[in-house]
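# Understanding the architecture of this molecule
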Amino acid sequence: MSDKVLYVMYDDDEVLKNSAKQLVAKGVKISEVFSPFPIHGIDPIIGIKNTRLGIMAFLYGLTGLTLATVGMRYFMIVDWPMNIGGKPNFSYLDNMLAFIPITFEFTVMCAAHGMAITYLLRNKTLPGMPAQNPDPRTTDDKFVMEIRLSENNKVTEAELDGMLQEIGYLELDKKEIK
Amino acid sequence: MQKEAAIREPLILGHKTYHDVTEDVCRPIEDKAPKMWYILFGIALVIGLYGVGSILYLLGTGVGVWGLNKTIGWAWDITNFVWWVGIGHAGTLISAVLLLFRQKWRMAINRSAEAMTIFAVFMAGTFPLIHMGRLWVGYWVMPIPNQFGSLWVNFNSPLLWDVFAISTYLSVSLVFWYIGLIPDFATIRDRAKKPLAKKMYGILSFGWSGRAKHWNRFELVSLVLAGLATPLVFSVHSIVSFDFATSVIPGWHTTIFPPYFVAGAVFSGFAMVQTLILIMRKAMGLEAYIHTKHVEYMNIVIMVTGSIVGTAYITELFISWYSGVEYESYAFINRATGPYWWAYWSMMTCNVISPQLMWIRRLRRSLLFTFFISIVVNIGMWFERYVIIVTSIHRDYIPAAWSMHFPSHIDIAIYIGTIGLFFVFFLLFARYFPVLALNEVKTILKGSGQSYKESPDYHKHH
């Protein structure tokens, strides 16, 4: 199915945000925004839900905590209990104080790395991936909205052009996608 | 966009646009390196290689080539380790703790401070590794099933806690740093003209495109990593201090150690950041982004942490007398008046007196004075570790075992060598990496930039 994509460029984040607000109010769906830095407040306007990576970080941390606890109990209490200066070595609870530093470190390590890896995978940003921004200037000082005609059945291309003329923009680029 | 009081000094001087920020940070990477860079790099490389050679000699011959003896079994090795780890505390503190406190001035310095942190922790990690003597069995510190039945590592030992603390700290700092670097690499990639540079920065930028959803995730990941890294910063040096605090040596087994070490680490870390940044801003023309106000903020941190360290020294001294324990009192009297008095008083002068000068506004805003003090502080912090380690053990319980420590030339060469290697890494970073979190700086341009603050509409709009 062929599709037409409109790339509407601005040179200011606030201006883009205002234009997006007006377009959305008129029932236009904006599929994507490309920007050199995070535009605060754009997400609810174009309908982007908050990420759930924070929950993942918590779960990874919980995994680390469990692994560290189970591991140290096995190494130090079950498999090879060492008698060091008569310190208790027959129960995990008695010996737990000495295990707190590593439990903490391991929890942090699993949470941080688990989240970072998930973040890169979800973004599909990995070594060697091709860049997908429509214009190289969007990593410098330009801000681009992407509008797909296939996602906007209620308005025609001509109507959309009219709206954009009225709202204003810096550059407009149209691309056919086959 | 955040509001900011008009009387607050702007964080970005001059009349910069978003594009100017990109230009200012990327130009030094795209242009040919100045001659000075090659000279410095050459010097650092020679010193670094001399250190590597000395390490190889040590590994081939044995730890006996250090100036250690039966009484003083720990000296420069662990001193250098703690010194480097301490220096490595500023980067993550700046990027994590200051992010949680929403301190916008961190954005100009966090990238280079984090790089400094990572390279410093590399150097720190070298010392325990080569101290093993047989480096190739270094993996024995990991709990890996083995042929000894399985004999596990001792999880009760602070030395093992160190293994986990340092490796977590290094790897989490590295991830934190790189996640922030990805969008900036993308900027360089999209500007690059030469095919090789385009390809390299293309790989480094992981195909970052700046989608709104990605930025949404980016912000949360930065925040959560900061939340995780903040207790990590405090835990790492606490654990390093446990190496001493959990022992039974008078002068070492002090409950005050963890907070005192953490404060000392931040103190020395910020001093190292000042040393590097004062040169870097000049050499790379970043005076508009890293200026007197940033230096002043960092000097205030140095003053506060320096005062904590000073208080800790005096508390330690007082408690050694107040405890009524003869051995404890002796350890401290010996520090101040024994054969290592010069090390003790160097430490006291550099660490207790010099940060107090920062109360004077003119001095803490003077770049030259700051540069001088930053070096003094790091000398003082090296002496602090030397004093704690060597003077506490050189007078053993039996006078027949009393001894002195004289560093061998290998001790000195490895220490100086790590400084060389550190600068090799840092110079490479300054040459090929964006030294300023340029895309993050753009987010504060309108709130804290000079031209926006001075414009007549600034107050109308907000």
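In short, a report on the structure. (Residues numbered from 1 in each chain as written. Chains lettered and ligands numbered in written order. Predicted model: local features only at pLDDT ≥ 70, side-chain atom pairs only at ≥ 80, totals over all residues.)

A tally of regular secondary structure across chain A gives 5 helices and 4 strands. Helices and strands in chain A line up, N terminus first, as β-α-β-α-α-α-β-α-β. For chain A, the C-alpha radius of gyration of 26 Å lies well beyond 16 Å, the compact-globule estimate for 178 residues. Referenced to the eigenvectors of the C-alpha coordinate spread, the extents of chain A come out at roughly 85 × 30 × 30 Å. Across the 178 residues in chain A, those meeting the buried criterion constitute 38%. (Helix = DSSP H or I, 4+ residues; strand = E, 2+ residues; numbered from the N terminus. Rg over C-alpha atoms; globule rule 2.2 N^0.38 Å. Buried ≥ 20, exposed ≤ 12 C-beta atoms within 10 Å, placed from the backbone.)

Helix-helix packing is characterised by the crossing angle of the two axes and by the distance between the axes. Residue and element names in this part refer to chain B. With their axes 7 Å apart at the nearest point, helix H2 (residues 35-61) and helix H15 (residues 409-432) run at an angle of 140° to one another. One way to sum up the angle between H2 and H15 is to call them oblique. Handedness of the H2/H15 crossing: left-handed. Classifying every residue of the contact of H2 with H15 gives 20 nonpolar, 6 polar and 1 charged. (Axes fitted to C-alpha atoms, helices over the stretch in contact; angles between N-to-C directions. Parallel < 35°, antiparallel > 145°, perpendicular 65-115°, else oblique. Left-handed = near helix turned anticlockwise from the far one by under 90°. Nonpolar A, V, L, I, M, F, W, Y, C, P; charged D, E, K, R; others polar.)

Okay, the interface of chain A and chain B next. Taken together, the contact pairs 56 residues of chain A with 53 residues of chain B. Put simply, the parts of the chain that give the side of chain A that touches chain B at least two residues each are strand S2 (32-34), helix H2 (42-46), helix H3 (53-79) and helix H4 (92-123) of chain A. With 18 residues, the single largest contributor to the side of chain A that touches chain B is H4 of chain A. Of the residues that constitute the side of chain A that touches chain B, the class distribution is 36 nonpolar, 13 polar and 7 charged. (Contact = placed C-beta atoms within 7 Å.)

Residue and element names in this part refer to chain B. For the pair helix H1 (residues 18-30) and helix H6 (residues 158-191), interaxial distance at closest approach is 11 Å and the crossing angle is 70°. The pairing of H1 with H6 is recorded here as roughly perpendicular in orientation. Facing Thr-22, Cys-26 and Ile-29 of H1, the residues of H6 in contact are Thr-187, Ile-188 and Arg-191.

Next up on the list: the nonpolar core. Ranked by size, the top nonpolar core spans 178 residues in total, and within it Ala-112 and Met-115 of chain A together with Val-172, Val-273 and Val-441 of chain B carry the most contacts. The residues that make up this core include at least three from each of domain 1 (3-50 + 141-177) and domain 2 (53-123) of chain A. Excluding residues within four positions of it along the chain, Val-172 of chain B makes contact with Val-108, Met-109 and Ala-112 of chain A together with Leu-228, Ala-229 and Leu-232 of chain B. (Core = buried A, V, L, I, M, F, W, Y, C linked by C-beta atoms within 7 Å. Domains from an automatic or database assignment.)

With that settled, the discussion passes to the pairing of strand S1 (residues 3-10) of chain A. Regular strands have side chains that alternate between both faces of the sheet. All names here are of chain A. Note that S1 and strand S4 (residues 171-177) share 7 bridges and pair antiparallel. Paired with Val-8 across the two strands is Leu-172, which belongs to S4. Strand direction decides the pairing type here: S1 and strand S3 (residues 143-148), joined by 6 bridges, are antiparallel. Pairing of Val-5 across the sheet is with Arg-148, part of S3. (Pairing = 2+ DSSP bridges.)

Residues and elements named next belong to chain B. Relative to the helices and strands, Tyr-38 is located in helix H2. Take Tyr-38: there are 12 C-beta atoms within 10 Å of it, and that puts it in the exposed class. Sequence spacing of Tyr-38 and Phe-244 is 206 residues, and the spatial spacing of their C-alpha atoms is 42 Å.

Moving on, we come to H1 of chain B. All names here are of chain B. Between its terminal C-alpha atoms H1 stretches 18 Å, which fits the 18 Å expected from 13 residues at 1.5 Å a residue. Most pronounced at Asp-24, the bend in H1 amounts to some 25°, and the proline Pro-28 follows within four residues. Every buried residue belonging to H1 is among Tyr-18, Val-21, Thr-22, Asp-24, Val-25 and Pro-28, and all of these are buried. Buried residues along H1 sit against H6 and helix H16 (438-448). (Expected span 1.5 Å × (residues − 1). Bend = angle between axes of the 7 residues up to and from the residue.)

Residues and elements named next belong to chain A. The buried fraction of S3 amounts to 5 of the 6 residues, a majority that puts the element mostly inside the structure. Both S2 and S3 contribute to a ladder of 3 bridges, which runs antiparallel. Within S3, the position partnered with Glu-32 by the bridge is Glu-146.

What follows concerns the sheet that holds S4 of chain A. All names here are of chain A. The strand order across the open sheet formed by 4 strands is S2-S3-S1-S4, and the pairing between neighbours is antiparallel. Each edge of the sheet is formed by a strand with only one pairing partner; in this case those strands are S2 and S4. Averaged over all pairs of adjacent strands, the angle between their axes in this sheet comes to 20°, without regard to strand direction. Packing against the sheet, helix H1 (residues 13-25) makes contact with S1 and S3, and its axis sits at approximately 20° to S3.

When glycine is set aside, most residues are seen to have a negative phi, and most peptide bonds are trans. All names here are of chain B. Even without a glycine there, the phi angle at Arg-102 is positive, about 55°. The backbone phi angle of Phe-206 is positive, close to 55°, even though this residue is not glycine. Within the secondary structure layout, Phe-206 lies in the loop between helix H7 (195-204) and helix H8 (212-245).

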